[in-house]
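# Commentary on secondary and tertiary structure
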Number of protein chains: 2
Amino acid sequence: MTGSSVNEERLLGRLRELGSIGRDKDGRLVRLAASDADKDGRDRLIAWMQEAGLDVAVDRIGNIFGIWAPIQADDTAKPLMLGSHIDTVINAGVLDGCYGVLSGLEVVETLKSEGFNPSRPIAIAAFTNEEGVRYAPDMMGSLVHVGGLDADEALATVGTDGSVLGEELARIGYAGPHQPGFLQPHAYIELHIEQGPILEREETPVGAVENLQGISWQRVTIEGDANHAGTTPISMRRDAGLAAARVITFLRDRATASNTPTVATVGCMEFEPNAINVIPSKATFTVDLRDPDEEKLLAEEAALATYLDTIADDEQVTITTKCLARFQPVTFDSGIVAAVVEAATARGLKSKRMTSGAGHDAQMIARIAPSGMIFVPSIGGISHNPKEFTPDTDLVAGANVLLDVVRNLTAPEN
Amino acid sequence: MTGSSVNEERLLGRLRELGSIGRDKDGRLVRLAASDADKDGRDRLIAWMQEAGLDVAVDRIGNIFGIWAPIQADDTAKPLMLGSHIDTVINAGVLDGCYGVLSGLEVVETLKSEGFNPSRPIAIAAFTNEEGVRYAPDMMGSLVHVGGLDADEALATVGTDGSVLGEELARIGYAGPHQPGFLQPHAYIELHIEQGPILEREETPVGAVENLQGISWQRVTIEGDANHAGTTPISMRRDAGLAAARVITFLRDRATASNTPTVATVGCMEFEPNAINVIPSKATFTVDLRDPDEEKLLAEEAALATYLDTIADDEQVTITTKCLARFQPVTFDSGIVAAVVEAATARGLKSKRMTSGAGHDAQMIARIAPSGMIFVPSIGGISHNPKEFTPDTDLVAGANVLLDVVRNLTAPEN
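Along every chain, residues carry numbers that run from 1 in the direction the sequence is written. All chains are assigned letters beginning with A, and all ligands numbers beginning with 1, in the order in which they are written. Local features in a predicted model are, by the rule used here, given only for residues with pLDDT of at least 70; side-chain atom pairs are given and counted only at 80 or more, and totals for whole chains, interfaces and linings are based on all residues. Neither water nor hydrogens contribute to the side-chain values; these are computed over all heavy atoms in the structure.

### Considerations on a negative patch on the surface
Heads up, the condition is: Candidate patch residues must exceed 30% relative accessible area and have no salt bridge, after which like charges are joined if within 9 Å and Val, Leu, Ile, Met, Phe, Trp or Tyr side chains if within 5 Å. Surface accessibility follows the Shrake-Rupley procedure with a 1.4 Å probe radius. Residue values consider only the protein chains on display as shielding. Should a side-chain nitrogen of Lys or Arg be within 4 Å of a carboxyl oxygen of Asp or Glu, the pair is scored as a salt bridge. We treat Lys and Arg as the positive residues and Asp and Glu as the negative residues; His and chain ends play no part in the count. In this description, the location of a charge corresponds to atom NZ of lysine, CZ of arginine, CG of aspartate or CD of glutamate. Strands here are runs of E lasting at least two residues and helices are runs of H or I lasting at least four, both read from the DSSP assignment and numbered beginning at the N terminus. Note on classification: 1.4 Å probe, protein chains only; a residue is buried when its accessible area is under 20% of the maximum for its type, exposed when over 50%, partly exposed between these limits.
Taken together, the side chains of Glu223, Glu270 and Glu272 of chain A together with Glu223, Glu270 and Glu272 of chain B make up a negatively charged region of the molecular surface. Put simply, the parts of the chain that give the negative patch at least two residues each are strand S9 (269–272) of chain A together with strand S9 (269–272) of chain B. Structurally, the position occupied by Glu270 of chain B is in strand S9. Residue classification places Glu270 of chain B among the partly exposed residues on the basis of a relative accessible area of 49%.

### Considerations on the pairing of strand S6 (residues 206–212) of chain A
Residues and elements named next belong to chain A. The line we're drawing: When DSSP finds at least two bridges between two strands, those strands are taken to pair.
Among the 7 residues in S6, 6 count as buried, and that is most of the element. Relative to strand S13 (residues 351–356), S6 is paired through 6 bridges, and the arrangement is parallel. Residue pairing for S13: Gly207 is matched across the bridge by Lys352. As paired elements, S6 and strand S14 (residues 371–376) share 3 bridges and run antiparallel to each other. When the bridges of S14 are listed, Val209 appears paired with Met373. Here 2 bridges tie S6 to strand S12 (residues 330–331), and the two strands are oriented antiparallel to one another. In the sheet register, Asn211 faces S12, and the bridge partner there is Thr331.

### Things to note about the environment of Ser371 of chain A
Residue and element names in this part refer to chain A. Heads up, the rule is: Throughout, a contact is declared for two residues whenever any of their heavy atoms are within 4.5 Å. The definition of a polar contact used here is a pair of N or O atoms within 3.5 Å, where within protein one atom must be able to donate a hydrogen and the other to accept one, and adjacent residues in sequence count solely through side-chain atom pairs.
By the secondary structure assignment, Ser371 is in strand S14. Sequence-wise, Ser371 and Gly214 are 157 residues apart; in three dimensions their C-alpha atoms are separated by 16 Å. Setting aside chain neighbours within four positions, we find Ser371 in contact with Tyr188, Phe332, Asp333, Ile336, Ala362, Ile365 and Ala366. A polar contact is formed between the side chain of Ser371 and the backbone nitrogen of Ala366, at a distance of 3.4 Å.

### Quick look at the UniProt feature "binding site: Zn(2+) 2" (unreviewed entry) in chain A
Residue and element names in this part refer to chain A. For clarity, the threshold we go by: UniProt positions are given in the numbering used here, feature names are shortened, and annotations may be inferred rather than shown by experiment.
In this numbering, the UniProt entry assigns the feature "binding site: Zn(2+) 2" (unreviewed entry) to Asp96, Glu131 and His384. Spanning 289 residues, the annotated positions come together in the fold, the maximum distance between their C-alpha atoms being 9.7 Å. Relative to the elements of secondary structure, Asp96 occurs in the loop between strand S3 (80–84) and helix H3 (98–113). On the basis of relative accessible area, Asp96 is assigned to the buried category, the value being 6%. Those residues in contact with Asp96 that sit more than four places away from it in its chain are His85, Glu131, His192, Ile193, Gln195, His384 and Glu388.

### Side note on the UniProt feature "binding site: Zn(2+) 1" (unreviewed entry) in chain A
All names here are of chain A. The UniProt entry lists His85, Asp96 and His192 under the feature "binding site: Zn(2+) 1" (unreviewed entry), expressed in the numbering used here. Their sequence span is 108 residues, while the largest C-alpha to C-alpha distance among them is just 10.0 Å; these annotated residues converge on one region. On the secondary structure map, His85 appears in the loop between S3 and H3. His85 gets classed as buried once you look at its relative accessible area, which sits at 0%. For His85, the residues in contact, after removing those within four places along its chain, are Asp96, Gly97, Cys98, Val101, Phe127, Glu130, Glu131, His192 and Asp361. Of the polar contacts made by the side chain of Asp96, one reaches the side chain of His85; its length is 3.3 Å.

### What to know about the side chain of Asp96 of chain A
Here Asp96 of chain A is buried and forms no salt bridge, its nearest opposite-charge partner Arg31 of chain A lying at an N-O distance of 9.6 Å. For Asp96 of chain A, the side chain forms a polar contact with the side chain of Gln195 of chain A, separated by 3.4 Å.

### Describing unusual backbone geometry
Of note, the bond from Glu272 of chain A into Pro273 of chain A is cis; its omega dihedral lies within 30 degrees of zero at -5 degrees. Topologically, Pro273 of chain A is positioned in the loop between S9 and strand S10 (282–291). Located in the positive-phi region is Gln316 of chain A, a residue other than glycine, with phi close to 55 degrees. Within the secondary structure, Gln316 of chain A is located in the loop between helix H9 (294–315) and strand S11 (318–327). Looking at Gln316 of chain A, the relative accessible area reads 52%, which means it is exposed. Of note, the phi angle at Asn129 of chain B is positive, near 55 degrees, even though the residue is not glycine. Counting through the fold element by element, Asn129 of chain B comes out in the loop between strand S4 (122–126) and helix H4 (140–145).

### Here we look at the packing of helix H2 (residues 36–51) of chain B against helix H3 (residues 98–113) of chain B
Residue and element names in this part refer to chain B. The cut-off we apply is this: The axes used here are C-alpha line fits, helices contributing only the stretch in contact, and every angle between their N-to-C directions lies in the interval 0 to 180 degrees. Working rule for angles: under 35 degrees goes down as roughly parallel, over 145 as roughly antiparallel, 65 to 115 as roughly perpendicular, anything else as oblique. A clockwise turn of the near helix away from the far one marks a right-handed crossing, whereas an anticlockwise turn of less than a right angle marks a left-handed crossing. When residue character is reported, Ala, Val, Leu, Ile, Met, Phe, Trp, Tyr, Cys and Pro are called nonpolar, Asp, Glu, Lys and Arg charged, and the others, Gly included, polar.
At a minimum axis separation of 10 Å, H2 and H3 run at an interaxial angle of 15 degrees. Looking at the two axes, H2 sits roughly parallel to H3. When you trace H2 past H3, the crossing you get is left-handed. Only Val101, Leu102 and Leu105 of H3 make contact with H2, whose side of the interface consists of Leu45, Trp48 and Met49. When grouped by side-chain class, the residues that make up the contact of H2 with H3 number 6 nonpolar, no polar and no charged.

### Here's the deal with the domain arrangement of chain A
Residue and element names in this part refer to chain A. Going by this rule: Domain borders in the structure are assigned automatically or taken from a domain database. Values labelled buried area give the accessible surface lost by two parts on being combined, using a 1.4 Å probe and summing over both.
Each assigned domain of chain A is listed with its residue range as follows: domain 1 (8–212 + 329–409) and domain 2 (214–327). Each of domain 1 and domain 2 has a C-alpha centre, and the two are 36 Å apart. Each partner contributes to the interface: domain 1 provides 7 residues, whereas domain 2 provides 7 residues. Interface area, domain 1 with domain 2, both sides summed: about 570 Å², of which 62% is carbon and sulfur.

### So, the interface of chain A and chain B
Facing the 57 residues of chain A at the interface are 57 residues of chain B. Roughly 4,600 Å² of surface becomes buried between chain A and chain B when both sides are summed, with 60% attributable to carbon and sulfur atoms. Of all residues in chain A, Ile234, Arg252 and Ile276 of chain A give up the largest surface area on contact with chain B, accounting jointly for 17% of the area buried on that side. On the surface where chain A and chain B come into contact, there are 6 salt bridges. Residues Asp239 of chain B and Arg252 of chain A are paired through a salt bridge, measuring 3.6 Å at the closest nitrogen-oxygen approach. Viewed at the interface, chain B and chain A are joined by 11 residue pairs in polar contact (both at pLDDT 80 or more). Of all the secondary structure elements, the ones that give two or more residues to the side of chain A that touches chain B are helix H7 (198–201), helix H8 (240–258), strand S8 (263–265), S9 and S10 of chain A. Here the element with the most residues in the side of chain A that touches chain B is H8 of chain A; it accounts for 10 residues. Taken together, the residues of the side of chain A that touches chain B break down into 25 nonpolar, 21 polar and 11 charged.

### Describing the relation of the copies chain A and chain B
Operational definition: The least-squares superposition of copies is restricted to C-alpha atoms, and to residues with a pLDDT of at least 70 in both copies.
The transformation that overlays chain A on chain B combines an axial shift of 0.1 Å with a rotation of 180 degrees, and the residual RMSD is 0.2 Å. Here the symmetry operator amounts to a two-fold rotation axis. Rotation axis and chain A: the residue whose C-alpha lies nearest the axis is Ala245 of chain A, separated from it by 2.2 Å. The residues that chain A uses at the interface reappear at the interface of chain B in 100% of cases, marking a shared surface.

### Focus on the pairing of strand S5 (residues 187–193) of chain B
Looking along a regular strand, one sees the side chains alternate between the two faces of the sheet. Residue and element names in this part refer to chain B. For S5, the tally of buried residues reaches 7 of 7 residues, placing the bulk of the element in the interior. Here S5 shows no split at all, with Ala187, Ile189, Leu191 and Ile193 on one side and Tyr188, Glu190 and His192 on the other all buried. Across 3 bridges, strand S3 (residues 80–84) lies against S5 in parallel orientation. Of the residues in S5, the one forming a bridge with Leu80 is Ala187. Pairing geometry for S5 and strand S14 (residues 371–376), over 6 bridges, is parallel. Directly across from Glu190, in S14, lies its bridge partner Met373.

As structure tokens, this is what we get:
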């Protein structure tokens, strides 16, 4: 059931305009949650929502909802919610988050202009502090929305700059009157850039996201002996740096051999005393393990733990680990996934069922409603960077797929 | 030809006394070259030399010589030189360097008191700035002494604290009148703590040092791509950190397999951007390679270069290297080595022909005269640290071996 298409010019123009708000003196896009720049972006979004005739509601954690509740729809029914976030990292691209929010708005305006009568309200959501750069944890607004974090606790969060989130939201006028979770979705769909290289590599414009990887973050600390690099025979060394290197190669060799989507990354590394002629007495590093299957993720964690025991013995070092974060994988709604594939096919677009490697608000909303995501290609897999880029054709195609999925899911017979 | 033994109490007492000079407010031993603390140590040493009846001479780079030229000796003959240094690192132990200088002085006093008539003068040397902590390069005083570095250039060296060595030497009264190299040694012997674990492990009190390792220091920089740790499949990564880890394990596995004294150490490591969820785009690390055989050291360097090419291909990363330091191995005089072994045996002490893994003034003096070194055990291989320790018995045994070697090498028939 395909009708009109979105207004390309309006959608792309709004992406550019929102992306011009919050530039610092070096021209970098920086709209950290609850900052002055975030206020400017929020104000712009709400003005567009109001121009589109939506009812705007803001809750206590600053989540923004633009609600289209046509008279003919059952306005007591739960809305179909479309959303993402508009806060950014430091020196961001213009698409991450904003693309999903503005496409949702674009879909509503297109449906309104074609005289479509949805069977239930449609709400556009912009969740507070998805990026988590200024206030931890990330995906905070959606987490509070689903009751996974107490609103008062979240509002008391102290930021990296010493500010308190609740005070900052009040200061910029976005400490809204509504209780978080006041608007329960019937279902939730988030359109987002992939932030990975798979769709580009496979020349596929649409990703139907089936699930989202579980994430396990650990900090590993290895302690050995800081001895003289010249006078200590190899056999007598307790080299923390060598043990750390063995862990890195173990993780890579295991991930390569496993033939599963498991990914393992050591992103942070520090040696002590970090001197050219001293054997490292201490190596501290992080391990980021991800897998869409909880059992496999548990198995990877266990394999790492076993290997750490082995290497502690082999290299005569002491190893301790600390869990920094742990999220179970999320499975999205199969009906929504199928609807995305179907909509893409109807538009003649190749699609791929895939896993999200990054975290998104959709993983939080999935706790309370059937949820799904649509991905479009990220050129070079780059995001969180001004080089973040998706061709206009793909941005428009993704929005049209969202349009068709929404039309199908809110068709009067549904 | 064994006569009396050194005065244990005097030697150990002086080691303690010199080690008490230059303590900072936290009790740490810090006698950096040409500092006020260094002046205090030098003053103490010269007072002891003068009490022992030695002629004291200081050269322009601050090297101190205490010369015993008995009337019956040929005072136009080149002296047998015994020495080391008395400057220290920050938070040092009391033995490194000082043990060799004070033992040399002790040997001369012992020989004098037993009425020994040496065939040539005996000189005790304390070379300026062996540690190189405040002014680079290390082993500076002995390097200038042998003409390997111009004295004026050395005196113009700017320290880590912005001071100029020549000005500091003048300020503390140790810019002496003699031209560096004015006192050419007939031979040179340096008694030193091992700074490594081998003698302790092998329960051997005396090391007859045959040679000193060549040293090759490089900085290796690996560049890849900083992509998202969650969304970038393993096969599409250009992970600079993983490539660095492979280099570390390669070096270790090669050193272990080689069954030679080659040692390889990666002491410094940095990842960029050093973020938990970002694949490292850059890894910068140091490689310290040492081998007593120049051909083997060249072979190790070549093997590393070949491996870096391989890993650059395998991991699709870019690798550059920069040489930070390169010293060829030094071979000590076989006659002196044999004399050390013989003297140890005559005293009933087990000895071991061995390689020095650390750098010493003796490697510089070896350029102009037959040279050798005697090592005593370092407990746990620890040095450059307050935990640096050698049992008194071993300290005294080492000094007695030096005494006997000096007695043999300067016996009237020689």
